[in-house]
Structure formats: C-alpha cells, structure tokens
Amino acid sequence: MCWYKLVFKQKQPIHIGKFEWGVVSETEIFIPGWTMWGALVNAYMIKNKAKDKNEIQEIQKDFETITNFFPSFDGETILEPKYKDGKFYLGDYSAEEFRYKYVKADFKTAVEPISRKAKDEHLYEFEYIIPEFYWIGLIKIENEEIKNFFEGKKPEIFIGGDTKYGYGLLKLEDSKEAKNEDLENWNLSNDGKPNNKTLKNFLEFETNIKFEGELKLIPELDFRQNTPVLTDARYFVNVGSTVDSSINISSYKIYKGKFIRNANSP
Amino acid sequence: MSEKNNVVKKLEVYALATDPIHIGTGGYNIGRVDNTIVRDPITNIPKIPGSSLAGTWRYYVVLETLKDIKDKQPDWQDIKNENGDTIGEKLENYDWKNLPSSDIKLSSWKRFVGNQIMRIKCAGQDDTPDKNSDSEENTGHCGHCIVCKGFGFSKRDISWQGMLFFSDLNILFFPVFTYRGTKWITTSSRLKEIGIEEEAPSENKIRTKQGDEGHLNLGWLYLEVESRHTFCNEIKICNKQENISFTLTPEDVIIVPENLFSHIVNSNLEVRTSVSIDPITGAAKEGALFTSEAIPRGTIFYGEIRIFDKKGFEGLEEKLKPLPKDKELEDALKDSKHFYETLGIGGMTTRGFGRLKIELIP
Ligand SMILES: [Zn+2]
C-alpha cells in the first residue's frame, strides 16, 4: 500500500481562487486536489531539477493521484464536507459561518510604481483564510524519490494566489502511510475508486447518477499563458454531496481531487 | 535527479523608517481618519504589504541597472540578426558583444544577457500584456531581463511567476515616548520571529533592561515594570555608502504583552491633518480638511525575501532560458536598496513620507 496521509500546518493566510465578482476575489474554503497538485509539483521541481519536458511530465504524473485537502483544527480530524438542509457545511460550520469566522479580506489598490499613483483608482477586495488550520489529504505515491521528498526535510509549499506577497505558505507537519481506516474515512478504495458515501472529492457527472447535493462546472485551465487556456471543462457532483449506491464505481478513478471516468486517459 | 539542500535562499529584511510611512488602503474610511493605512486584519497592526515592497523594489532594480547599461544596450536589429531560433538564444549569442573591456567590471547581474533589452517599462505594470513576449515593439515587459525573470511577467504567450517571494514587513520595534525618552516596544512573539527567545510579561506589565523603574508611561498608558528582560542583541541598520548607522541597544527596548502591542501602536500612530488645495485657484478648498495616518519614523520592520532556484522549470518553457542565478538576484536587491533612502515607499512621498533604510541579511 502506498497511500500517504499528508498533514500541513498553515503558516500564512491562503487565497484559493474561486470567482471574481468585479473587484472581489472570493476564496474557496478548502484546497482542491488540482491546486494542491500544482503546489507540490512546484515545490518538488525547485528541490529536484528536471532535465527536460519528459521528466517534468513524469513528475507531474507522480503527484496526480491526490485528494482534496480539508481544514482541521487539531491535525487529526478534518472538518468534513457535507450538505445539510441544502447548505454546504465544513464540519459543524455552514459555509457562511466558516467564512464569517475564518475568512477575512484585504482591501488593496493596485499601485503603478513609476507614477506611484493608484492604478485606475482601483480598490479591490481580496479574501483569504486566516492561518488557524492544518490541512489534510491523501496522495498515492509509487516513486521512491517522491517518498523521500515527503520523508526528508519537511517541505514547505506555497498554495493558491498572491504567493509572492506573503500568502499561501504551508509546512508539512506529518506524512505517514495511510491506514485502511484513513482510506475508508476518505471514502476511497485502495486503487483510487470512490465508494458510495459522502463525496470528499468531485465526481464526474453522468445523467444516470442520483445524488443529493450540488452540481458544478469545473474548468481546468493552463495558467502558463497570460490568458489561461481552457484545457477541459466538465460537470461534477460537488464535494459533500451524497451519491446513490447504484453507480458503477469501477469506471472512476481519482485524479487531482476529481473522480474521473475512464481515468486512464483523463 | 540530484537532491540539493538549501535550494531556497532566505534573506532577512530589516527596515528603519526615516520618515513616517503611509501605505494607504485607497480611501477606505474608518471613523474620522480619511487616509487609513494597511493593517493586518487579524492583529489590526499596520504593516507594509509584501506587494508594495516587491513593486517598489522591482522599480529600483530597473533604475539601478539602466543607470549603468543604458548606453551599452545593443540595437534590436543587431539582436535580431544574431544566430538563434528564439530571442533568448539570440541574446545569449550576442552577449554584450560590443561592450568595451573597460566595462568588464560591470557586476555580473547587470550583465545578465536578458538585460540587453531591459527597458523602463519592465519596472511597472505591463501596459501591453496582450502582446507576445518576443514582440519587437518597444512596449510592456520585455520578458527577458533580470527583473522580468526575477519578479515575474505576464505576456500573451507566457506567464511566469518569478523567483522572488516577498513577505509583508511587520513592525518589530515601535517607538513610543516615555518620560525616560523614546523607547521601542516589541513582544516576545515578534522577537521569536528573529530568533530571540524571550518570555512574555504578565498581563498589563512590561519588561525593561533595567527592570526597576517601578512604573513607566508608554504614550498615555502607565504600566508597571515587572522585571528585567534578557534581550542582549543590538539591532543595527546601516548603510555602507553613506556610512550612517542606526543602533537599537537593549536599553532602548521594552517588551510588552501581546494584547497591548496593537493598542499601543494604534494609539501612537502619526495623524496629520492637511488641507486640500484646489489645483486651479491654488486656494484651500472649502471644508476640504483631511487627516492621514502613518507609521512614525523610527519604526523598525522585519520581513523575509525568498529566492527560489527555479532551474528545474527551464525545461517547461523554452522561453524562460536562461534564468538568473540566485546570487545575481540577491546582488540586484542589495545594490538597489539604497533607492528606498531617497525615493521611499508608499503614498505621499513628495510630502516627506516613506523613506526607509534597509538591511538585507542572507
Ligand atoms: Zn524586462
């Protein structure tokens, strides 16, 4: 078994880009698997230089069997995502309550350094989660080098937006082999398939899936260009939803926090 | 694949405010103050955001570089005629070809090949992010110089976060008036940030070097001196060029409880009232009195800059080659920090606000 449970301690405020409503940048309140994937690949590539594009692709692959990460107060138990009375909850907090207590905002002006004037006199609001939490999730590791990365000197990673300016620092607190109960707790089989309970990862939607919760359109973007390129967009059953037991789970596999059909060629 | 330790270089930043510092929130009104400053929303303590520090430093590195290389930069045509498939390769092959030997002393970071096409536009916001990075028009970020590679740039065809990460500058020592002269307050958690372990005083009590003053006033607060602190480091902010140094001795330092720090800082900020002048008549605008708050001069800030060695990313995008070495970026920051002493940071720099003395410690 080579699933690992990763526990990160949050050192700085984090902003997980979600929507922009005009001048408001809203933050997500958990860390999606693809965001964590990006941060881990970055941190690994700073430590272990890749020779060429192929090697970079290998590294990217090594990290892609990964779940979403959820907040935890004690570094042991996560605030479980769920729906109650039609509202999204993390543990006992409704999304609204969680935001009220743990999400703050900065008001900023974009400054033009040459003229030193506020750019367009623009004031914008930038949300972030305050550093009160541990963040916990699972990853499947096959490569020995990657194991060393987690087991050696505890890596620091930068997650989400504005990481150049004092946001996003997480430090690995603990990494250990996940036990069966951890996998069960994450509603995940050893080969990365979902079991039929409350979702902790997104589930690719098919019209025959019956569920209680919410449907979301999730775009996958390549941020290496100024105008991010849309590489994929599909409908997913949201995290926290409960899925009817009739779906054929064997055709799904976890990929960056999403259960994807025919996952061998996502 | 080789494992290298110490891949991230951390630079400690100490900054002394030689003017009041005003980093505005952009006209967000609270109570009677019109021009409020940026605060940490959790502690409510004013700070210099990492983005402000990075924005000004980016500008200063460009000023420092162009000052020495402006008349040595080759024509775009000459670069274009050089061998190579990409602009990056052409720049490497050209490599300051006509630079006279007397200029060999130009420091390595200023000679970075990409600087051959650095321009003042690399300092600010890119006004043409919709153009490709290899566009020949003299516009927007060049995408090749040490500033673009170090601080990041974003063009239509490529977006690069850069190699430099700036933390906020937080207040480490804050000056307050006492009947024994000006003292600098701090807390045990702030000292811990710079590696000094010091026990926090009990509730509503303070610690001094002497420890036997009985009571001491911090501004208008009157507090009991509990005991001595054992803090024995001197904090030195110096500038080699002008040979000015500022030293904070342990006698200058008072340790206050965490919960009092924000309170004392906020009640001892500088508040200035000014009159808006009508730009056409030159007369005071009627009823246009406004107040601004600022962090007082003498405040000492602390923060960190991390330099990431991102050699591992060169294979991801041909256009990123070559990346500057971490040492080159470190030298670029060091050689340009003197601009903070004349041009400063934040708002109202033309009214005597914003100058800083900065010390960078690897
Ligand atoms: Zn440039």
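A quick note: this is a predicted structure, and the numbers were derived from the prediction, not measured.

A. Quick peek at the confidence of the model for chain B. Residues and elements named next belong to chain B. Confidence in the prediction of chain B, expressed as mean pLDDT, is 84, and 86% of residues score 70 or more. Here residues 1-5 scores under 50 on pLDDT; set against residues more than four positions off or in separate chains, the count is 13 contacts. Contacts for the low-pLDDT stretch residues 27-32, under 50 throughout, to residues beyond four places or in other chains number seven contacts.

B. Summary view of the coordination of the zinc ion. All names here are of chain B. For the zinc ion, every protein donor is listed as Cys122 (SG), Cys142 (SG), Cys145 (SG) and Cys148 (SG), and the spread of their distances is 2.3 to 2.4 Å. Around the zinc ion sit four donor atoms; with metal-centred angles ranging over 103 to 117 degrees, the donor geometry is tetrahedral. All donors to the zinc ion come from one chain, and their sequence spacing reads C-x19-C-x2-C-x2-C. Taken as a pair, Cys122 in the loop between α3 (87-94) and α4 (146-151) and Cys148 in helix α4 lie far apart in primary sequence, 26 residues in all.

C. The arrangement of unusual backbone geometry in detail. Residue and element names in this part refer to chain B. Here the amide bond leading from Lys321 into Pro322 is cis, since omega sits at -10 degrees, within 30 degrees of zero. With respect to the secondary-structure elements, Pro322 resides in the loop between β16 (300-308) and α7 (326-336). Phi is positive for Asn44, close to 65 degrees, though the residue is something other than glycine. With respect to the helices and strands, the residue Asn44 is situated in the loop between β1 (8-17) and β2 (47-48). We note that Trp96 has phi near 55 degrees; this positive angle belongs to a residue other than glycine. Tracing the chain through its elements places Trp96 in the loop between α3 and α4. Since its relative accessible area comes to 4%, Trp96 is described here as buried.

D. Region of the structure containing the nonpolar core. With 156 residues, the main nonpolar core has Phe63 of chain A together with Trp57 of chain B as its most contacted residues. Ignoring any residue separated from it by four or fewer positions in sequence, one finds Phe63 of chain A in contact with Trp37, Leu40, Val41, Tyr44, Ile139, Ile146, Phe149 and Phe150 of chain A.

E. Focus on the pairing of strand β1 (residues 3-10) of chain A. Residues and elements named next belong to chain A. With seven of its eight residues buried, β1 lies for the most part within the structure. In this sheet, strand β10 (residues 134-140) lies alongside β1 in antiparallel orientation, the contact comprising seven bridges. Paired with Lys5 across the two strands is Leu138, which belongs to β10. One ladder, built from seven bridges, connects β1 with strand β12 (residues 169-177); its direction is antiparallel. Bridge pairing in β12 links Phe8 to Leu172.

So, how was this worked out
- Residues numbered from 1 in each chain as written.
- Chains lettered and ligands numbered in written order.
- Predicted model: local features only at pLDDT ≥ 70, side-chain atom pairs only at ≥ 80, totals over all residues.
- Heavy atoms only, no water.
- pLDDT = per-residue confidence, 0-100.
- Contact = heavy atoms within 4.5 Å.
- Donors = N, O, S within 2.8 Å, 3.2 Å for Na, K, Ca; no water.
- Tetrahedral: all angles 85-135°; square planar, octahedral: opposite > 155°, others 65-115°.
- Helix = DSSP H or I, 4+ residues; strand = E, 2+ residues; numbered from the N terminus.
- Buried < 20%, exposed > 50% of the residue type's maximum accessible area, 1.4 Å probe, protein only.
- Core = buried A, V, L, I, M, F, W, Y, C linked by side-chain atoms within 4.5 Å.
- Pairing = 2+ DSSP bridges.

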